[in-house]
Structures are given as C-alpha cells and as structure tokens.
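# Descriptive structure summary
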Amino acid sequence: MKTSCSSLFLLSCLVHSASAFAPSQSSLAQTTSQSSGVGATTTIMHMKSPFGNLKFPFGEDEEAKKAAAEAAAKAAAEAAAEEARLAAAPKLPSVDELLSKLPAVDVDLSDYDVSTVIENLTPSDGGALGERGEAWFAGQAVLILCILIGTVPIVGEGLNFVFGPVTVLAGLALAGLSVVDLGSDSLSPFPAATENSTLKKTGIYSEMRHPMYTSLMMVMLGFSISTDSASRLLLTIVLGLLLEFKSEKEEVFLLEKFPEEYPSYKEQVTNKFFPTTITNELGL
C-alpha cells in the first residue's frame, strides 16, 4: 500500500510539471487511482498553466517586421502629403468676409415723397390720356400678369394648340418640302457644299435661303411648347444661335463654290430663315 501511494504521488508530480509547458486548454483534470487492497481513492488536481498562450520572441519573421515598417512609413508619407496639399490649397472666403468687403450703402428715404409719385401717375392739367405712352405700360402690365398666371385668359388653350402641335406639323411639312426642292445632289448635313451640288433658286428656296433650319426650329419650338418644358425652350434658343453660326459658315462654302451666282441670289432672297415676301412687306 505504501509502495502504491508513493508511485501515485510521483506520477502526480510528473503530470503537474508537464502541464506547465503543454498548450492544453483544460482548466481542470482529475486522476483517480484506486488501491486494490484498501479501495482508497486519491484525486490529483491539475490547474491551467500560469504561462497561458505566452509567446516568446524567438525566431520572429524579419520580413514581416520590415513589411510593417514600410507600411507605416508609407502611411506617414501619404498623411504628410495630404496635409501639405490642404495647406497649399486656396481657402474660400467665408460669407462674413464677403459681406465685409461690400461697400456700405446709406439709404435715406427722408426725401422720398409718395404723394409726388402719385402725382406722376395722374395726367397733368390739360394733358390727354395716352400722350405719355400709357398704352406701352398697359401692354407691359398685361404681359407680366399673363406670365405670372401661366396662361393667356380665354385664348390660352388655343395659343398652346397653335404654337404646339400645329407648329410641329408645319415644321415637318416645311422640312419635307425643303428636302424635295433641294434635291439629292445637294442634300448633306454638313455646311460644306457637296461635290455635285447645284445652287437652288426655285421653290421654297426662292423665299428663304435656309428653309431646313427654319423647319428644324419650328419642330423644336412646337415640341417645347407642347410639353410645357422651359428647359427644352431654352435649349431651342441655343439651337437657334448654333444654326445662325452654321448658316454663316455654310454661306462661306457656297460663295467659294458659286462665286458669281450666290451674291446675286443673296440680293434676291434677303432673308435666311423667314419668307422674303413677308419680311419685305413688314419692312424687315
């Protein structure tokens, strides 16, 4: 029995010593030994190693150290570069700074007489109504009122129809007529005249020099009005300016190709985009 207990005690010491260096995660181990003669039970407790998962710096990867140092240096350099960029960038002035630079305005209303303004609105003694151009002011006031309410009373729907779908259809009809009168030998989307082009002076070209551009403007204007789009209307105005410059360039090419015919044609057909007969009657 003594021999058995001594052996068991020695075995316990060895197991305890080994557990201090083993990576076991068990916090409690129980070893039970029963003596065959007496039936005594001995329990040995093994606690978790006090070193835990402590790692020793033996054999660390030097390449990993070097990579970490390079990454830190790169991050520091980028941060320094960003600070330098922000420091060199021009700073926008604040609202207070802008307001402080505005010149001081001293408004003095002490000499402003409202009664004088009322007298200016009434006709002078002996003066007839309309001599001061009251009709121009009335037209101005009516147009401002129509713009504010967004329509023209009574005839608003009719105007939208005339200047919308009707204008689109009229523009398409004019485009077809222009293509037919121009002919396939001269038809091209570019300002330069084609190699086999001939100068057209009859048909719609006897009334305006660039009827295709007029038809394009009519279609775009009618479409803008039909869709109630202010953006399309503004872009149509920009398109009109572009077509004006394009037509000027086109006439330079036509003068080069038809140096004798085109000047006389311009004298005969004086308007580029509107019928010459109507503009002459209106004195335009």
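Preceding this section is the structure that the text describes.
Per chain, residues are indexed from 1 in the order of the written sequence. At least 70 in pLDDT is required for a residue's local features to be given in this predicted model, at least 80 for side-chain atom pairs to be given and counted, and no such filter applies to totals for whole chains, interfaces and linings, which use all residues. Side-chain descriptors were evaluated using all non-hydrogen atoms of the structure, hydrogens and water having been removed beforehand.

Elements are defined by DSSP. Helices are runs of H or I of four residues or more, strands are runs of E of two residues or more, and each kind is numbered from the N terminus. The residue S215 is located in helix α7 (residues 211–226) in this model. Residue exposure (1.4 Å probe, protein chains only): buried if accessible area is under 20% of the type maximum, exposed if over 50%, otherwise partly exposed. Relative accessible area serves as the criterion here: at 4%, S215 is assigned to the buried category. There is a polar contact of 2.6 Å between the side chain of S215 and the backbone oxygen of M212. Once residues lying within four places of it in the same chain are set aside, the contact partners of S215 are G171, L174 and A175. In the analysis that follows, any N or O atom pair within 3.5 Å is treated as a polar contact, provided that within protein one partner can donate a hydrogen and the other can accept it, and provided that, for residues neighboring in sequence, both atoms belong to side chains. The contact definition used throughout considers only heavy atoms, calling two residues in contact when any of these lie within 4.5 Å.

Turning our attention to the pattern of salt bridges. Think of a salt bridge as a Lys or Arg side-chain nitrogen and an Asp or Glu carboxyl oxygen that are within 4 Å of each other. Following the criterion strictly, the structure yields seven salt bridges and no others. For E82, the salt bridge identified is with R85, shortest N-O distance 2.7 Å. Remark: R85 and E82 occur in helix α2 (residues 62–88); sequence separation between them is three residues, near one turn of the helix. Residues K201 and E261 are paired through a salt bridge, measuring 3.8 Å at the closest nitrogen-oxygen approach. In this pair, K201 sits in the loop between α6 (156–182) and α7 while E261 sits in helix α9 (residues 261–268), placing the two residues 60 residues apart along the sequence. The partly exposed category is assigned to E261, whose relative accessible area is 38%.

Attention now goes to the nonpolar core. Residues belong to a common nonpolar core when they are buried Ala, Val, Leu, Ile, Met, Phe, Trp, Tyr or Cys residues joined through side-chain atoms within 4.5 Å. One finds L174, L182, L199, I204, Y205, M208, L254, F258, Y262, Y265 and V269 forming the largest nonpolar core, which totals eleven residues. Listing elements by their share of this core, those giving two or more residues are α6 and α9. Residues within four places of Y265 in sequence aside, it is in contact with L199, K200, K201, Y205, M208 and R209.

Below, the discussion takes up the packing of aromatic side chains. Two measures describe an aromatic ring pair: the distance that separates the ring centres and the angle between the ring planes. What counts as a ring pair is set by centres within 6.5 Å for rings of Phe, Tyr and Trp (its six-membered ring), and what kind of pair is set by the plane angle: stacked under 30 degrees, edge-to-face over 60, tilted for all other angles. Scanning the model with the defined rule gives one aromatic pair in all. Aromatic pair Y262 and Y265: ring centres 5.6 Å apart, planes at 55°, arrangement tilted. Placement of both Y262 and Y265 in helix α9 is noted, with a separation of three residues, approximately one turn of the helix. Residues Y262 and Y265 agree in their burial class; the two are buried.

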